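Remarks on the overall topology
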Amino acid sequence: LRGTMPAITFDFHELTQPIQNAIDDFDQHADVNQMLEKLHTLLVKFIEDLVAATIQKKLLCHKFLAFLKPIAGKMALRFNGYKQTSIRLLSGQLIQIMSPHFKKVGPKKRGRKSKKRKAKSGRHLGLAYLGFIDRTSILLSSSVVQAALLCPSFEIAKQTLSAFGITIGVKTIQNLCRNLGKQAMNHRYKIALSGTDNTIDRILSVFIDGGRVRERIPKRGRKPANQKRQGYHTDWREPIQIVIE
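Everything in this summary refers to the structure shown in the same document. Please read these numbers as outputs of a predicted model, since none were measured by experiment. (Residues numbered from 1 in each chain as written. Predicted model: local features only at pLDDT ≥ 70, side-chain atom pairs only at ≥ 80, totals over all residues. Heavy atoms only, no water.)

With respect to the overall build of the chain
Helix and strand counts for the chain stand at 7 helices and 10 strands. Residue burial in the chain is summarised as follows: out of 245 residues, 21% are buried. Considering only residue pairs separated by 6 or more positions, the chain has 58% of its internal contacts joining residues 24 or more positions apart. Total accessible area on the chain is roughly 19400 Å²; 55% of this is exposed by carbon and sulfur atoms. (Helix = DSSP H or I, 4+ residues; strand = E, 2+ residues; numbered from the N terminus. Buried < 20%, exposed > 50% of the residue type's maximum accessible area, 1.4 Å probe, protein only. Contact = heavy atoms within 4.5 Å. Areas by Shrake-Rupley, 256 points an atom, 1.4 Å probe, with all protein chains shown as cover.)

As for the environment of Gln20
Within the secondary structure, Gln20 is located in helix H1 (residues 16-29). Judged by relative accessible area, which is 38%, Gln20 ranks as partly exposed. Remark: the alpha-carbon pair of Gln20 and Leu39, spanning 19 residues in sequence, is separated by 9.8 Å.

Overview of the pattern of salt bridges
Considering all chains together, one arrives at 2 salt bridges under this definition. The salt bridge involving Asp25 is made with Lys38; its shortest N-O contact spans 3.3 Å. With a gap of 13 residues between them, Asp25 in helix H1 and Lys38 in helix H2 (residues 32-59) connect regions that are remote in the sequence. For Asp49, the salt bridge goes to Lys45, with nearest N and O atoms at 2.7 Å. (Salt bridge = Lys/Arg side-chain N within 4 Å of Asp/Glu carboxyl O.)

Regarding unusual backbone geometry
Located in the positive-phi region is Ala30, a residue other than glycine, with phi close to 55°. Residue placement: Ala30 occurs in the loop between H1 and H2. With a phi angle near 55°, Asp134 is a residue other than glycine that sits in the positive phi range. Looking at where Asp134 falls in the secondary structure, it is placed in the loop between strand S3 (132-133) and strand S4 (136-137). With relative accessibility at 38%, the residue Asp134 sits in the partly exposed group.

As for the side chain of His124
Examined against the element boundaries, His124 turns out to sit in the loop between strand S2 (95-104) and helix H4 (125-129). By relative accessible area, His124 is classed as buried at 18%. The contacts of His124, once residues within four sequence positions are left out, are Lys83, Thr85, Ser99, Pro100 and His101.

Examining the packing of H1 against H2
Two numbers describe how H1 lies on H2: the axes approach to 9 Å, and their chain directions differ by 170°. In terms of orientation, H1 and H2 fall into the roughly antiparallel class. Residues Pro18, Ile19, Ala22, Ile23, Asp25, Phe26 and His29 of H1 form the contact with H2, whose own contacting residues are Val32, Gln34, Met35, Lys38, Leu39 and Leu42. Here the contact of H1 with H2 is composed, by residue class, of 9 nonpolar, 2 polar and 2 charged. (Axes fitted to C-alpha atoms, helices over the stretch in contact; angles between N-to-C directions. Parallel < 35°, antiparallel > 145°, perpendicular 65-115°, else oblique. Nonpolar A, V, L, I, M, F, W, Y, C, P; charged D, E, K, R; others polar.)

Quick look at the side chain of Thr85
In this fold, Thr85 is placed in strand S1 (residues 77-87). Within polar-contact distance, the side chain of Thr85 engages the side chain of Arg135 at 3.0 Å. Excluding its chain neighbours within four sequence positions, the residues that come into contact with Thr85 are Ile95, Gln96, Ile97, Ser99, His124, Leu127 and Arg135. (Polar contact = N/O pair within 3.5 Å; in protein donor to acceptor, adjacent residues only side chain to side chain.)

Focus on the nonpolar core
Judged by nonpolar contacts, the single largest core of 18 residues is most densely connected at Ile55, Ile87, Leu89, Ile97 and Phe102. Those elements that place two or more of their residues in this core are H2, helix H3 (62-74), S1, S2 and H4. Ala157, Leu161, Ile168 and Leu176 belong to the second largest nonpolar core, which has 11 residues in total. (Core = buried A, V, L, I, M, F, W, Y, C linked by side-chain atoms within 4.5 Å.)

Focus: the packing of helix H6 (residues 154-163) against helix H7 (residues 170-186)
For the pair H6 and H7, the least separation of the axes is 9 Å and the interaxial angle reads 105°. The orientation of H6 relative to H7 falls into the category roughly perpendicular. Here Phe154, Glu155, Ala157, Lys158 and Leu161 of H6 lie close against H7, whose contacting residues are Val170, Ile173, Gln174 and Cys177. Classifying every residue of the contact of H6 with H7 by side-chain character gives 6 nonpolar, 1 polar and 2 charged.

So, in C-alpha cells, the structure goes:
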C-alpha cells in the first residue's frame, strides 16, 4: 500500500462498442425499454467503477490517513491497518475496496486475558468522512429510505427499487432505515427553530391528527413451560399528534 499512487484513468471509448451493440439490438427486438435498461446498466457500471477507483485512491493516500488520525484520537480510536470492506454507490451492488480501519482503544488490563468474544468496535472512519452511511452512499440511502417509507412493506420496497435498477436486500433496507433514523435523532437539534424565528404577523394553524397502531408489549411473569417465547400483547392504540404549521 506504500509508494506513489497511480493516477485515475478512464476511457469513454470503452463504452462505444457496448452502446453500439445495444443500439443494433434495438433493430431486432424493437423494445425501447430493453434498450434503456441496457444503456442504463452500462452507464451506471462505468460511473461506479470510476468513482470506486477515485475513492480507493483517496483512502490509500497517506495525507488522508494523517488527517484522519487526530479525528480518530478524539473518538478514542486508533489506526488498525488497512482492511478490505465493501461499499454501495448507485446500483446497490457490493464493491470491494481497501479502507483504513480504526479500532476502539481499550483500557490496559493486567493478568490473564479473557477469551470472551467482544462485539465489533472498529470503524471505517474514512468512509464516514467521505459521505457514507453504513458503507452506503447517501444518494443510494436516500432512495432506499424513501422507498421504504412510501411502500407498505420492505419487500415491496425491494421490488420497487429493483424496477429502477437498484438491487438490495430486505435486511439491508431495514438496516439503512434504522441507522439513518438513529443519526437523524442524534442531529435533530441542528434543525430546531433558531432564536430569530417568531410568529409576528403570521397565522398559525394547529391540527390534531390520529390513527390506530398495534404495539407489541411483552407479557409479564414467567415464560410458560410449553412455549418457546414469552409472548406479548398487541392491543390497539390511538396516538394523538398535534401538527403546527
